[in-house]
Amino acid sequence: MLRTSKSATTSRSDVSSPSRSLTRAKSERKGTKKPDFADSSDDEGFDMGELDTSLLAKIAACPDEGTVLKKVDDWISDLEGKYAGRSRNVVSDDAVCTRSVYETDPVVVKDNVRKHVSGIPFPSWDGMDEDIIKDESPIAAPVQHHDYAPDLLRVDDIPEDEDEDDRDAGVRLVRAYSNSCMKQAKSAVPQVIEALSRRKAEKLLVSNCSMADGGIIAVGLYLGQLVGLTSLDLSTNMIFYDGATALAKALKSCAKLTSLVLDNNKIGTYGATALAEQFKSKNSSVTCLSVRKNQLSDAAVSAIVDALAVRKKIVTLILAYNAVGQQSCSSLANLLVRCSTLEHLDCHWGHMRQDGAAEFAQALTSAPKLKHLDVGWNGFGDALPCSEIANALKLPTCKLEYIDLSHNRMNEQSAFLVAGPLEFNKSLVKLIMDGNPVGQSGCRRIMASCLGFKNSLESQEKDERTVELSLKDCSFGMVNASAFDPSEPAGEYMFDMSDPYSRLVVRDLLKIEAMGKGQFQRHTVTLDWEPYNLKKMTSFDHEAEVPDSGEMAFRFVSLRKPPWAGGDTELHETVFASLVQHFSDNSKVPMGEHRMGKIPYLQVLITADTIFSYQQAGALLDELLTSEERVSFLVEIYHKFNEADGNKRLAKEMLTPSEHKRLMALLGPTAFAFTPNNPTGHHRLAIAQALTRRSGHSGERAPRPAAPGG
């Protein structure tokens, strides 16, 4: 039988909680004396020092001191007088348990009511003692609470073919990792436990696990034990400088790691510098690195790129949504020149501008294996960077298959610069130009090249390949009067030949002349105000030779003919096939992708001299399902028929009465009448009719004609 004396109680109070001293002080204030348990008639005594009175400190801290202290005194009296030598009580398994102020007394929670198991009521804050219940079921095992409850690997789950030593080592690693997480006040990650227990993981995906710096420090101690680890994904884990530094140290023992993903963290400049030092080391085998959205400065990005250039192994590099500026552009240019293994480069949403962008674009000619280039939301719309990209595209060694130039402030001139080399490029598969105000002429020019018309729409020569093109929000409904339009090339020109756009326009005019649809007035061609012999274009397989400096002036005349004068009598079959394919595609556009509307697609393809036959227009009209599209289609091509009355017959035969009425309202009376204020154009008049003779007189207004189809 255990006996408790005053001396024993005093000695225990030295190591007990402050609440025990408070208990003794309250007893002395009331003049009470603790009972001598040695005189108890019970066979089994109770050691007061074993009681957990930690709750007393919380109760004593209550502002309402008088009421609380009285409650404490009453509770202490009951404890000392009635609870000595009590038996151990237990609760059932289905109850949710937590410890009370008594060391072995669990509190049972049922139906949201907390009930104490022992015979002593649990003191409540409202002065009302809680009900007492008795339950003799076995006590539940203590449960360790985590942020989430992972399914831990059991011994039975380990394959039988694994060595017992490996299993023991895995168990030790899991135990050590768990202890390390406890020291860092972080929960163990199930994916890490799984990998450490098996020790044969090749890929470790622990993205979005809220690991933070402490979790990275804990797992970094044991990454080297995963000898076969080749891919590590730590994206969206709130990793800062300390975590990045710990990771850099851990990577020294990961000799086989080739892929590292750190997207959507905040490693900053110092963290990037620490990682860069590791990438320079000889034991670094990283070939795929992604640090998207890491708040990296220009210097931080430059440090990482310079480190990768030393090893010359990088294949995929993603730097999107970081401050990729002038310094980073110089480092990237050096990487493109030195590293011949780079295939995928993503610098989306950076600060690449002017000279830095031009230096980077110029280095693209030295990247023989680069296939994927994303420089969207930068500043490549300026003439110099855009012309350097164009130079890279026209090289026979160019392997680029995907280019994203969206939101780069590109105008009509920039679109022409990019479109020109596409006529000779054989590798490009997809080009994204979204968000650039290239206008209608720019859209038409670049679409002509992407559709495979080697010498633009004028030549009507179709290549076998077709480039997928995205022109979302490119202002293709806007017409710039000062922009060059190949469908109406006549006029007088003066160009600064040092400008890449000027040289491209002269080459386009030479193509038009070679196809017999226009002609230079050779006696008017001058360079720096001196007569210049401009050579004709003899082959469409190579660019025409034009001067690259000086001011060139000349006059160009159009030789186009209407259908009835020997010109084109219908839309070229390749353009017609492209329109039919686009009009007949009524499938749902996948999420995240963009498809140009049917009428805007028509507006971009047709030019001022485009001609439709009655059969072609009817076939395209059959593919349009909505009334709005059918009416809009006829508005666009109404004056482009090769027959005088083809438009009227088509409107009368294929439109409903309501659609016919809408067509009349949209076209208006001026669409059918001769107006002396705008007399230019090709006219076909029946002179035998008196009204026609009057319409042909410039001094008289023509009477209002009949409605379409009437």
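Note that the structure is a prediction, hence the values are computed from the model and not measured. (Residues numbered from 1 in each chain as written. Predicted model: local features only at pLDDT ≥ 70, side-chain atom pairs only at ≥ 80, totals over all residues. Heavy atoms only, no water.)

1. Some points on a negative patch on the surface
- The grouping of Asp496, Asp528, Glu530 and Glu551 at the surface amounts to a negative patch.
- In this structure, aspartate 496 sits in strand β14 (residues 491–496). (Patch = residues over 30% accessible without salt bridge, like charges linked within 9 Å, V, L, I, M, F, W, Y side chains within 5 Å. Areas by Shrake-Rupley, 256 points an atom, 1.4 Å probe, with all protein chains shown as cover. Salt bridge = Lys/Arg side-chain N within 4 Å of Asp/Glu carboxyl O. Lys, Arg positive; Asp, Glu negative; His and termini not counted. Charge placed at Lys NZ, Arg CZ, Asp CG, Glu CD. Helix = DSSP H or I, 4+ residues; strand = E, 2+ residues; numbered from the N terminus.)

2. Topic: the packing of helix α11 (residues 326–338) against helix α12 (residues 354–363)
- Two numbers describe how α11 lies on α12: the axes approach to 8 Å, and their chain directions differ by 10°. It follows from the interaxial angle that α11 and α12 lie roughly parallel. The segment α11 lies against α12, with Gln326, Cys329, Ser330, Leu332, Ala333, Leu336 and Val337 engaging Asp355, Gly356, Ala357, Glu359, Phe360 and Ala363.
- Within the contact of α11 with α12, the residues separate by chemical class into eight nonpolar, three polar and two charged. (Axes fitted to C-alpha atoms, helices over the stretch in contact; angles between N-to-C directions. Parallel < 35°, antiparallel > 145°, perpendicular 65-115°, else oblique. Contact = heavy atoms within 4.5 Å. Nonpolar A, V, L, I, M, F, W, Y, C, P; charged D, E, K, R; others polar.)

3. Considering unusual backbone geometry
- With a phi angle near 55°, aspartate 473 is a residue other than glycine that sits in the positive phi range.
- Along the chain, the position of aspartate 473 falls in the loop between β13 (468–470) and β14.
- If you check the backbone angles, aspartate 528 has positive phi at about 55° while not being a glycine.
- Mapped onto the secondary structure, aspartate 528 falls in the loop between β16 (526–527) and β17 (530–531).

4. As for the pattern of salt bridges
- A complete count under the given rule lists 17 salt bridges for this structure.
- Of the charged contacts, one joins arginine 198 and glutamate 194 as a salt bridge, the two residues approaching to 2.9 Å between their closest N and O atoms. With arginine 198 and glutamate 194 both in helix α6 (residues 190–198) and four residues apart, the pair spans about one turn of that helix.
- Overall, the relative accessible area of 28% leaves arginine 198 in the partly exposed class.
- A salt bridge links aspartate 508 to lysine 511; the nearest nitrogen and oxygen atoms lie 3.8 Å apart. Remark: lysine 511 and aspartate 508 occur in helix α17 (residues 500–514); sequence separation between them is three residues, near one turn of the helix.
- The class for aspartate 508 is buried, based on a relative accessible area of 5%.
- What you see here is one network of salt bridges that share partners, running through Glu423, Arg445, Asp508 and Lys511. (Buried < 20%, exposed > 50% of the residue type's maximum accessible area, 1.4 Å probe, protein only.)

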